[in-house]
Amino acid sequence: MSSQTTAPVIVLRPARTADVQAIKRLVAPLAERRILISKESVTYFEAIQEFLIAEIDGEIVGCGALHVMWEDLAEIRTLATADSWRGKGVGRAVVEKLLDNGRALGVNRVFCLTFEVDFFIRNGFTVMANQSPVDPEVYSELLRSADEGVAEFLDLARVKPNTLGNTRMICQL
């Protein structure tokens, strides 16, 4: 008899509206630690098609979203893993799938705003330089967006209180 245990199978699937409460439960402890910003349920419902769910044995243990910002640019948002599953490959699996989704959509750069710099470096991201990552024409178009993630990407002053200590990172696909 072998005493080896098999690694848990992480099942990744598109989120459904019924998953919003689970997403909120995953985000809650991270929001309390000021790692993520808590959002209203309506915000999750409006973006549900952007979310990916990670399950192990039918339990939701992780989530993440990919939000397209421009023709060649998207953002990974709301990446969360249950505390009991941190460091066990759930976040990595979600990020890899979100990057694959970005490739399929035609974007070639994916941005994130994070405290988890080492994690994202291990997943192919680099810290963004201070210069604007988009040309002036695109920058002026993006300024018209009411989306807070776009404002964070552009490093606008109005979002600074919510992003203190975060690092802007980018991955070239």
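Read on for an overview of the structure.

Parameters and conventions
Residues numbered from 1 in each chain as written. Predicted model: local features only at pLDDT ≥ 70, side-chain atom pairs only at ≥ 80, totals over all residues. Heavy atoms only, no water. Pairing = 2+ DSSP bridges. Helix = DSSP H or I, 4+ residues; strand = E, 2+ residues; numbered from the N terminus. Contact = heavy atoms within 4.5 Å. Axes fitted to C-alpha atoms, helices over the stretch in contact; angles between N-to-C directions. Core = buried A, V, L, I, M, F, W, Y, C linked by side-chain atoms within 4.5 Å. Buried < 20%, exposed > 50% of the residue type's maximum accessible area, 1.4 Å probe, protein only. Disulfide = S-S within 2.5 Å. Expected span 1.5 Å × (residues − 1). Right-handed = clockwise from strand over helix to strand, strands pointing away.

## With respect to the sheet that holds strand S3 (residues 59-70)
Read across the sheet, 7 strands follow the order S1-S2-S3-S4-S5-S7-S6 without closing on themselves; strand pairing throughout is mixed. The open sheet has two edge strands with one neighbour each: strand S1 (11-14) and strand S6 (126-127). Two elements, strand S5 (residues 109-114) and strand S7 (residues 167-172), share 6 bridges in a ladder whose sense is antiparallel. Bridging from a neighbouring strand, valine 110 pairs with cysteine 171 of S7. Contacts from helix H1 (residues 20-32) reach strand S2 (51-56), S3 and strand S4 (73-81), with the element oriented near 80° to S4.

## Some points on the nonpolar core
Soluble, globular proteins show a tendency: their nonpolar side chains are buried together. Grouped together as the largest cluster of nonpolar side chains are 38 residues, with contacts concentrated most on Ile23, Phe51, Ile76, Val95, Phe120 and Phe125. Contributing elements (two or more residues each) for this core: H1, S2, S3, S4, helix H3 (90-105), S5, helix H4 (117-122) and S7. Excluding residues within four positions of it along the chain, isoleucine 23 makes contact with Tyr44, Ile48, Phe51, Ile53, Cys63 and Thr78. Counting residues in each nonpolar core, the second largest holds 5 residues, with Met69, Leu73, Phe111 and Ile170 among its members.

## Quick look at unusual backbone geometry
In the Ramachandran plot, arginine 34 falls in the positive-phi region, its phi being about 60° despite a non-glycine side chain. Positionally, arginine 34 belongs in the loop between H1 and helix H2 (41-46). Assessed through its relative accessible area of 64%, arginine 34 is described here as exposed. Although it is not a glycine, aspartate 57 adopts a positive phi angle of roughly 50°.

## Examining the state of the cysteines
The tally for this structure, following the rule as stated, stands at 0 disulfides. The thiol of cysteine 112 is not disulfide-bonded; the next cysteine sulfur, from cysteine 171, is found 8.9 Å away. Judged by its relative accessible area of 1%, cysteine 112 falls in the buried class.

## Focus on H1
Its 13 residues give H1 an end-to-end C-alpha distance of 18 Å, which sits within 8% of 18 Å, the value for a rise of 1.5 Å per residue. Among the residues of H1, Val20, Ala22, Ile23, Leu26, Val27, Leu30 and Ala31 are the ones counted as buried. Packed against the buried residues of H1 are H2, S2, S3 and S4. Immediately beyond the C-terminal end of H1, within one or two residues, lies arginine 34, with a positive phi of roughly 60°.

## Some points on the pairing of S5
Of all the 6 residues making up S5, 5 are buried; the element is thus mostly covered by neighbouring parts of the structure. Pairing between S4 and S5: 3 bridges, direction parallel. Along S5, the bridge assignment pairs leucine 73 with arginine 109. Running through H3, the crossover from S4 to the neighbouring parallel element S5 is right-handed.

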